[in-house]
Amino acid sequence: MASLTGRVALVTGSTSGIGFGIASHFATLGARVVLHGRREAELRTAVTRLGDAAEAAYVIADLVEVEDCRRAVRETVDRFGGIDVLVNNAASTARGYLEDAPVELWDAVMHVNLRAPFLLLQEAVKSMKGRGGGSIVNIGSVNAYIGEPKLGPYSVSKGGLMTLTRNAASSLGRHHIRVNQINVGWTLTEGEHRVKHLEGHGDDWVAGAVATRPFGRLLLPHDVALAAAYFASDDSALVTGTVMDLEQFPIGAPPNW
């Protein structure tokens, strides 16, 4: 099993869903975890859910704002003396078609999904260089290849994140800083429930979704957390610039079940 004992990890967008799943799993592996969100009440609840055994803190930041991105890392460093792992999980899944999405929506999606990881990486690298290395794990999406039409700006942002991942891995390897990405498939989270209800689906949407999956269920946050722990830990000590497609079938393959 991967070990993160003594490592300091900042996980963005971690009050619920995939982000909380990653933070929770990291805490069980011995990491000192900093949760991130925009609302203090939700962050307090999330830290409580981690349990008394977890060494955890939180930072409030709006990743649309440049200074908030940098401050999230600085507060992590101030709290624990440095940062070893950065997980760029926070993302906007705002709906929009490429042919008519307002530029304001495009900018908002890109600010959170692409610019924020870039800024957080810049700030984290300053500390990681002095600690002999580190690991940056970017949470992407299989939509990066070709997404649903209604997710046009989101899909483009995740494609850009893949390019950032590979270029950062190439330039930062000499500092023993590894950068990898997980392109996540359909995952059952609180946020997915909310979106489906907003789209007019009833509570039976899960059964319909499961029927499309070859292994009989949707991914869960813990599935993503296991992959993130691999990239964050020494289990992947020589792995960098890798993009893992975490889905139940090869992306683009025709259904065969």
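Look above for the structure.
Residue numbers run consecutively from 1 along every chain, following the written order of its sequence. Owing to the predicted nature of the model, reporting of local features is limited to residues with pLDDT of at least 70; listing and counting of side-chain atom pairs is limited to 80 or more, with chain, interface and lining totals taken over all residues. With hydrogens and water set aside, each side-chain value is computed from the structure's full complement of heavy atoms.

Asker: Just give me the short version of the packing of helix α1 (residues 17-28) against helix α8 (residues 221-232), but keep the residues and values in it.
Answerer: In the contact formed by α1 and α8, the axes pass within 8 Å of each other and the chain directions differ by 55 degrees. Taken together, the axis directions place α1 and α8 in an arrangement best described as oblique. With respect to the hand of their crossing, α1 and α8 are arranged in right-handed fashion. Along the contact surface, α1 presents G17, I18, G21, I22, H25 and F26, while α8 presents P221, H222, V224, A225, L226, A228, A229 and A232. Put simply, Ala, Val, Leu, Ile, Met, Phe, Trp, Tyr, Cys and Pro go in the nonpolar bin, Asp, Glu, Lys and Arg in the charged bin, and everything else, Gly too, in the polar bin. Residue composition of the contact of α1 with α8, by class: ten nonpolar, four polar and no charged. A fitted line through C-alpha atoms serves as each axis, taken over the contacting stretch for helices, and the angle formed by two N-to-C directions is quoted from 0 to 180°. Runs of H or I in DSSP of at least four residues are treated as helices and runs of E of at least two as strands, each being numbered from the N terminus. Put simply, angles under 35 degrees are roughly parallel, angles over 145 are roughly antiparallel, angles from 65 to 115 are roughly perpendicular, and the rest are oblique. Take the far helix as your reference; a near helix turned counterclockwise from it by less than a right angle gives a left-handed crossing, and one turned clockwise gives a right-handed crossing. We call two residues contacting when some pair of their heavy atoms lies within 4.5 Å.

Asker: I'd like to hear about the nonpolar core, residue by residue, with values.
Answerer: Grouped together as the largest cluster of nonpolar side chains are 33 residues, with contacts concentrated most on I22, F26, L35, V87, I139 and I182. Examining the composition of this core, we find that seven residues originate from one element, α8, more than from any other. Ignoring sequence-local partners within four residues, the contact set of I22 consists of V11, V87, I139, V224, A225 and A228. We call a set of buried residues a nonpolar core when its members are Ala, Val, Leu, Ile, Met, Phe, Trp, Tyr or Cys and they connect through side-chain atoms within 4.5 Å of each other. When accessible area is computed with a 1.4 Å probe and restricted to protein chains, residues below 20% of their type maximum are described as buried, those above 50% as exposed, and intermediate ones as partly exposed. Membership of the second largest hydrophobic core comes to 27 residues, among which are L86, A90, L120 and A124.

Asker: Explain the packing of helix α4 (residues 103-130) against helix α5 (residues 152-172) to me, using residue names and the numbers behind them.
Answerer: Viewed as axis vectors pointing N to C, α4 and α5 meet at an angle of 15 degrees, and their least axial separation amounts to 9 Å. Relative to α5, the element α4 is oriented roughly parallel. At the point where α4 passes α5, the crossing takes the right-handed sense. Across the interface between the two elements, L105, W106, V109, M110, N113, L114, P117, F118, L121 and V125 of α4 pack against P153, Y154, V156, S157, K158, G160, L161, L164, A168 and L172 of α5.

Asker: Quick rundown of unusual backbone geometry? Include the residues and the values.
Answerer: We note that H176 has phi near 60 degrees; this positive angle belongs to a residue other than glycine. Within the secondary structure layout, H176 lies in the loop between α5 and β6 (177-184).

Asker: Tell me about the pairing of strand β5 (residues 134-141), and please be specific about residues and values.
Answerer: Within β5, eight of the eight residues are buried, which leaves the element mostly enclosed by the surrounding structure. Judged by which residues are buried, β5 turns out to be covered on both faces: G134, I136, N138 and G140 on one side and S135, V137, I139 and S141 on the other are all buried. Relative to β5, strand β4 (residues 85-88) runs parallel, the two sharing four bridges. Bridge pairing in β5 places V87 opposite V137. If you view a crossover with the strands going away from you and the path from the first strand over the helix to the second runs clockwise, you call it right-handed. Regarding the hand of the β-α-β motif, the stretch spanning β4, α4 and β5 is right-handed. Of the pairings in the sheet, the one linking β5 to β6 comprises eight bridges and is parallel in character. Bridge pairing links N138 to Q181 in β6. Read from β5 through α5 to β6, the crossover connection turns out right-handed. Between any two strands, pairing holds if DSSP finds at least two bridges.

These values are about where atoms sit, not about what they do.
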